[in-house]
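Observations on the three-dimensional arrangement
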Amino acid sequence: MRQSIIAELTSMDDRAACALADQIIAESRETDKWYPCFDAFARLLDHPKSLVRNRALHILAANARWDTENRFDALLPAFLSHITDERPITTRQCVKALAQVGLAKPRYIPAILSALRGADLSGYRDSMRPLIRQDMAETERILTRPGEQGAGGPGQEKPHGKREEA
């Protein structure tokens, strides 16, 4: 199953691949059905096609809440590296996905905020930098809002590291 899912997510048919990614993300908001594929999804972060990387970022962020095995610990540096992805749209998608990751895994918030604040955006066009900065500010606002950390709902990590069941 994993190989066929990965093949579909990396298909040349972007419309079908995007629809599948949207389905996986939606289902991952409610259930850990897709968590067993976490490592396969993580490998997509290195895909040469930015649309595939975008899908992987959002799928992984949606599954962070189910990460009872702490697989995200090893993945976080690679995930954060996409804050300065070669493609600005992937940078923006990563920054947006990081809000979900931080809410699911509050212990990552300091690393996320540090990476956002230290990101060198000089490689992007002048027209893209303000948009990226705006996304970064929104993610920072979400992650630093009082009462939000660890209070993101069922399956989200609590400050003491336990998952709340639905």
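See the structure printed just above.
A brief look at the structure comes next. (Residues numbered from 1 in each chain as written. Predicted model: local features only at pLDDT ≥ 70, side-chain atom pairs only at ≥ 80, totals over all residues. Heavy atoms only, no water.)

**Observations concerning the overall build of the protein**
Of the regular secondary structure elements, the protein holds eight helices and zero strands. Of the regular secondary structure in the protein, the N- to C-terminal order runs α-α-α-α-α-α-α-α. Considering the protein as a whole, with its 166 residues, one finds that 47% of them fall into the buried category. Put simply, 66% of the contacts in the protein that link residues at least 6 apart link residues at least 24 apart. Split by element, the accessible area of the protein, about 8500 Å² in all, is 52% carbon and sulfur. (Helix = DSSP H or I, 4+ residues; strand = E, 2+ residues; numbered from the N terminus. Buried < 20%, exposed > 50% of the residue type's maximum accessible area, 1.4 Å probe, protein only. Contact = heavy atoms within 4.5 Å. Areas by Shrake-Rupley, 256 points an atom, 1.4 Å probe, with all protein chains shown as cover.)

**A closer look at the pattern of salt bridges**
Should the charged atoms of two oppositely charged side chains come close, the side chains can pair. On inspection of all chains with the given rule, the structure shows twelve salt bridges. Of the charged contacts in the structure, one is a salt bridge between D135 and R92, with a shortest N-O distance of 2.4 Å. Residue D135 is located in helix α8 (residues 129–144), and its partner R92 is located in helix α6 (residues 88–104); the two are separated by 43 residues in the primary sequence. Residues D135 and R92 agree in their burial class; the two are buried. It is possible to trace a salt-bridge network through shared partners that takes in D14, K49 and R55. (Salt bridge = Lys/Arg side-chain N within 4 Å of Asp/Glu carboxyl O.)

**What about helix α7 (residues 109–118)?**
Along α7, the residues classified as buried are I109, I112, L113 and L116. For α7, the angular spread of the buried residues around the axis is 95 degrees, confining them to a single face. Facing away from the buried side of α7, by more than 90 degrees, are the exposed residues P110 and G118. For α7, the elements touching its buried residues are α5 (72–81), α6 and α8. (Arc of directions from axis to C-beta.)

**Topic: the nonpolar core**
Counting 51 residues, the largest nonpolar core has L9, F41, L60, F72 and F79 as the members making the most contacts within it. Looking at this core, the elements that each hand over two or more residues are α1 (2–9), α2 (14–28), α3 (38–43), α4 (50–63), α5, α6, α7 and α8. Element by element, the count of residues in this core is highest for α6, at eight residues. Not counting residues up to four positions away in its chain, the partners in contact with L60 are F38, F41, A42, L45, F72, L75 and F79. (Core = buried A, V, L, I, M, F, W, Y, C linked by side-chain atoms within 4.5 Å.)

**Quick word on the environment of A104**
Looking at the secondary structure, you find A104 in helix α6. Spatially, the C-alpha atoms of A104 and A64 are 6.0 Å apart, while their sequence positions differ by 40 residues.

**Describing the layout of surface pockets**
In this model, the largest pocket occupies a volume close to 170 Å³. Every residue along the wall of the largest pocket is listed here: D14, C18, A21, D22, I25, L51, N54, R55, H58, I89 and Q93. Of all the elements in the fold, those that place two or more residues in the lining of the largest pocket are α2, α4 and α6. The element best represented in the lining of the largest pocket is α2, accounting for five residues. In terms of residue class, the lining of the largest pocket is made up of five nonpolar, three polar and three charged. (1 Å grid on protein atoms, 1.4 Å probe; cavity = no way out; pocket = protein on both sides within 12 Å on 5 of 7 lines; lining within 4 Å. Points joined across faces, edges and corners; volume = space filled by probe spheres on them. Nonpolar A, V, L, I, M, F, W, Y, C, P; charged D, E, K, R; others polar.)

**Here's the deal with the side chain of T91**
Here T91 shows up in helix α6. A polar side-chain atom of T91 sits 3.2 Å from the main-chain amide nitrogen of D85. In this structure T91 touches H82, I83, T84, D85, Y124 and I132, once residues within four positions along its chain are discounted. (Polar contact = N/O pair within 3.5 Å; in protein donor to acceptor, adjacent residues only side chain to side chain.)

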